[in-house]
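Here is what each chain is made of, one letter per residue.
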Amino acid sequence: MKVPSLTQLRRTLNTLGHLKPSQIGFRLLRMAQSRFSALDPLPGRSSFNIHEFDFDTLPATPSVLMPLSDQLQFLSSLQRGDFTHLAHTKSIGYEQPDWHLGDIKADRLWVVTLHYQHWAVELAQIIAHTERQAHQKSATELLVHYTTDWLKHCDISQSAARPLAWNSYAIATRLVSWGRVLALCGHQLNESHPQFLNTLLESLFRQASWLARHLEWDLRGNHMMRDLVGLAWAARMFHKHRDHHHVYQWQKLIEKHLPSQLNEQILPDGGHYERSPMYHLQMMHDLMDLLDVISPGPLSQQLLGKLELMSSCALITRHPDQQIPLLNDASLHSEYDAPSTLLRSQRYLGTYETDLPLGTHQLSSTGWIIHHDEHWSVIFDTAPLGPSFQPGHSHADSLTLEASFAGKRLFVDPGTFCYDHDPTRQYDRSTAAHNTVCIDNANSSDVWHIFRLASRAVTKDIDLTSFDNGFEATASNDGYKRLDPSLLHQRRLVLTDQQLLIIDHLTGQNHHDVQGGFLLAPEWTATQEPLGWTLSHPKLEQQLTIRIVCDRDLHLDIQPADYHPGFGVVLPTTRLVWNYTGCMPVTVKLTCQPAHAPRQSPHFTRMQQSSSSSQSHRQLSSRDPKSRESADLAEGTISR
């Protein structure tokens, strides 16, 4: 047995120190249950009469049926044993499917998504809606074939099925999937395969019983909400079951825990407390899935109120391409995309709005400052890393930003490729991969393993001023004080007259290696210039110029980098980098503007460290930051 080093022990204790005592207690309980089966008996089997099941009370799927050509390709793929999701196609085989059971180390997200059984919903849509009988027959055969095999080889009695196939989140997601399936084609399955349907319903009841005993109080966050969604769907599916005391217990769990989880997870400005735009959209779907099965009353009204808050936040937190920024763990290639999520939510709310709200918006509770105008969209991340007790989806990205110019993404976060313990995961979470400042090649927050976080940066001194044609925002990040107590990263953004200024100031006295960088969207091409770069986009006639000003020697570079806009997706791109090695303090000013715009002088207002940690947002329509008193700064030497 490998003995952990003192450094690793300190990191582990630092990580555990932020958890709630209940999280540690539940994790210890789960560990004991996995080791001693007597502590966690298997759910009993329950006889089931199909007449106790009412298919007509289940809500139909909100998804759109795929075109006929795609149906044929989808059916052909499954007939070969090929499953496609998260941008990857893998063969699990047809005759003897390989469900990837056991303690999987690689492609874990792909495997657990296989067990969500979204493919069953796709097949059910074809069975229910297509006009081609051959497609209906093929889809029914595939649905029965794969599900029967899954029920046989992935039962809870198989210990290898527990890590991924029977983890609580997978069960909860699968219960919703099968609720949709039965709403779509339950009657057809009852007529054509009654024995299969009985076996399936028995398994779903056991899965719900297991889920009710294994709510993820150790993880909380989006996992806990999904668990409650799965239970709500199970209670709706089995509300006529003779073993009604189980269903009654599920309903009581929902009534007890859902209100508090809504208040804990959804912030006053509508953001989700994990600060991931993708999981924000997922949470909106969970609220809507709950609204589909929960009876009208105070709880449904609370859900509608939270959905309205989240919808308003999601409407703001987009780029001009209508999709989300990739802050923290986020993917553009997931089942939760912004346009369809907002469209679905607006049907529940009775509102229809798709345009980006122009102007400057401060989501104070979430921590995002967002500006949209006819030229620029800028998302400035001044947020905490997530709830202190659940930062698993956070990146070491304090004070990062994303930006679009002329409707095209310009500066992008690296995205999320996978949830495996590998170098790609480390890259996606690292400070050096984000549009911020990295010191001594260290992360501003100590992200480690897949979802863990030890020491963490605190963003403070947040200040925002908006004016007629832009905004000015400042914030500070103390993440590097563990390296040097005098180190503080201050960032100021000023946007006006199509010009974006990014001013980074590093306080301190000691010698450090500092790197600032900006990851470009792949469509942009960068050309090195004496004092910066020129950027070109194939769909824009207008070029952008980026100029760097500093009173110290800088080294500028264009480096190859990876961009992960979706799970399993790698796009090659470039990263604009400046490096400084020497003593602090140092201030670096970056100016990004259209090439035809008049160049600004190398003068700018020196950043001042605020003595207050409070946030302020002042609306000053007549104030322009260029009218402030400026201090001369020599340009210095910049080397390639």
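Above this text sits the structure in question.
Residues numbered from 1 in each chain as written. Predicted model: local features only at pLDDT ≥ 70, side-chain atom pairs only at ≥ 80, totals over all residues. Heavy atoms only, no water.

Trainee: Could you clarify how one ought to interpret the overall build of the protein in this entry?
Mentor: Each helix and strand in the protein was counted, giving 14 helices and 23 strands. For the protein, whose C-alpha radius of gyration is 26 Å, the value lies close to the compact-globule estimate of 26 Å for 640 residues. For the protein, the spread of C-alpha atoms along the three principal axes comes to 85 × 55 × 50 Å. A burial count over the protein gives 58% of its 640 residues as buried. Considering only contacts in the protein between residues 6 or more positions apart, those separated by 24 or more positions represent 72%. Surface summary for the protein: the accessible area is close to 26200 Å², and the carbon and sulfur share equals 52%. Of note, the protein has its 55 positive side-chain charges centred 5 Å away from the centre of its 66 negative side-chain charges. (Helix = DSSP H or I, 4+ residues; strand = E, 2+ residues; numbered from the N terminus. Rg over C-alpha atoms; globule rule 2.2 N^0.38 Å. Buried < 20%, exposed > 50% of the residue type's maximum accessible area, 1.4 Å probe, protein only. Contact = heavy atoms within 4.5 Å. Areas by Shrake-Rupley, 256 points an atom, 1.4 Å probe, with all protein chains shown as cover. Lys, Arg positive; Asp, Glu negative; His and termini not counted. Charge placed at Lys NZ, Arg CZ, Asp CG, Glu CD.)

Trainee: I keep staring at the nonpolar core and nothing clicks. Help me out?
Mentor: Buried together is how nonpolar side chains tend to be arranged in soluble globular proteins. Core analysis: the largest hydrophobic core is formed by 160 residues, its most contacted members being Leu182, Phe238, Trp250, Leu258, Leu410 and Leu535. Top element by residues in this core is helix H7 (residues 168–192). It accounts for 12 residues. Apart from residues lying up to four places away in sequence, Trp250 is in contact with Phe205, Ala208, Ser209, Ala212, Leu231, Ala234, Ala235 and Phe238. If you look at the next biggest cluster of nonpolar residues, it comprises 8 residues, including Cys313, Leu363, Trp368 and Ala383. (Core = buried A, V, L, I, M, F, W, Y, C linked by side-chain atoms within 4.5 Å.)

Trainee: Sorry, what's going on with the pattern of salt bridges here?
Mentor: Applying the stated criterion to the full structure yields 21 salt bridges. Put simply, Lys90 and Asp107 hold a salt bridge, and the shortest N to O gap is 3.1 Å. Linking Lys90 in strand S2 (residues 88–91) with Asp107 in the loop between S2 and helix H4 (108–116), this pair joins segments that are 17 residues apart in sequence. You can call Asp107 partly exposed: its relative accessible area is 34%. The closest approach of N and O atoms between Arg409 and Glu402, which form a salt bridge, is 3.8 Å. (Salt bridge = Lys/Arg side-chain N within 4 Å of Asp/Glu carboxyl O.)

Trainee: What am I meant to see in the pairing of strand S1 (residues 82–85) here?
Mentor: Working note: regular strand, side chains alternate between the two faces of the sheet. In the sheet, S1 pairs with S2 via 4 bridges, with the strands oriented antiparallel. By the bridge assignment, Phe83 is partnered in S2 with Lys90. Connecting the antiparallel pair S1 and S2 is a turn made up of 2 residues, with Leu86 showing a positive phi of about 55°. (Pairing = 2+ DSSP bridges.)

Trainee: Before we go on, may I ask you to explain the packing of helix H10 (residues 244–265) against helix H12 (residues 298–316) in this structure?
Mentor: Working note: a packed helix pair is described by the angle between its axes plus the distance between those axes. Contact geometry for H10 and H12: axes closest at 11 Å, N-to-C directions at 20°. The orientation of H10 with respect to H12, classified from their angle, is roughly parallel. Two packed elements cross with a definite hand, and for H10 against H12 that hand is left-handed. Note on element contacts: H12 touches H10 through Leu299, Gln302, Leu303 and Lys306, opposite Ile254, Leu258, Pro259, Leu262 and Asn263. Looking at the contact of H10 with H12 residue by residue, the classes come out as 6 nonpolar, 2 polar and 1 charged. (Axes fitted to C-alpha atoms, helices over the stretch in contact; angles between N-to-C directions. Parallel < 35°, antiparallel > 145°, perpendicular 65-115°, else oblique. Left-handed = near helix turned anticlockwise from the far one by under 90°. Nonpolar A, V, L, I, M, F, W, Y, C, P; charged D, E, K, R; others polar.)

Trainee: Teacher, can you tell me more about a nonpolar patch on the surface here?
Mentor: Together, Leu6, Leu9, Leu13, Leu16, Ile24, Leu28 and Met31 give the surface a local cluster of nonpolar side chains, amounting to about 670 Å² of exposed area. Of all the secondary-structure elements, those providing two or more residues to the nonpolar patch are helix H1 (6–16) and helix H2 (21–35). In terms of residue count, H1 provides more of the nonpolar patch than any other element does, 4 residues in total. The residue Leu16 is located in helix H1 in this model. The exposure class of Leu16 is partly exposed, given its relative accessible area of 39%. (Patch = residues over 30% accessible without salt bridge, like charges linked within 9 Å, V, L, I, M, F, W, Y side chains within 5 Å.)

Trainee: Whenever I open this one, the pairing of strand S20 (residues 571–583) confuses me. Can you help?
Mentor: Summarising the sheet, strand S15 (residues 511–519) and S20 pair through 9 bridges and their orientation is antiparallel. Within S20, the position partnered with His511 by the bridge is Cys583. Direction of pairing for strand S19 (residues 554–563) relative to S20: antiparallel, over a ladder of 9 bridges. Across the sheet, the residue bridging to Asp562 is Pro572, located in S20.

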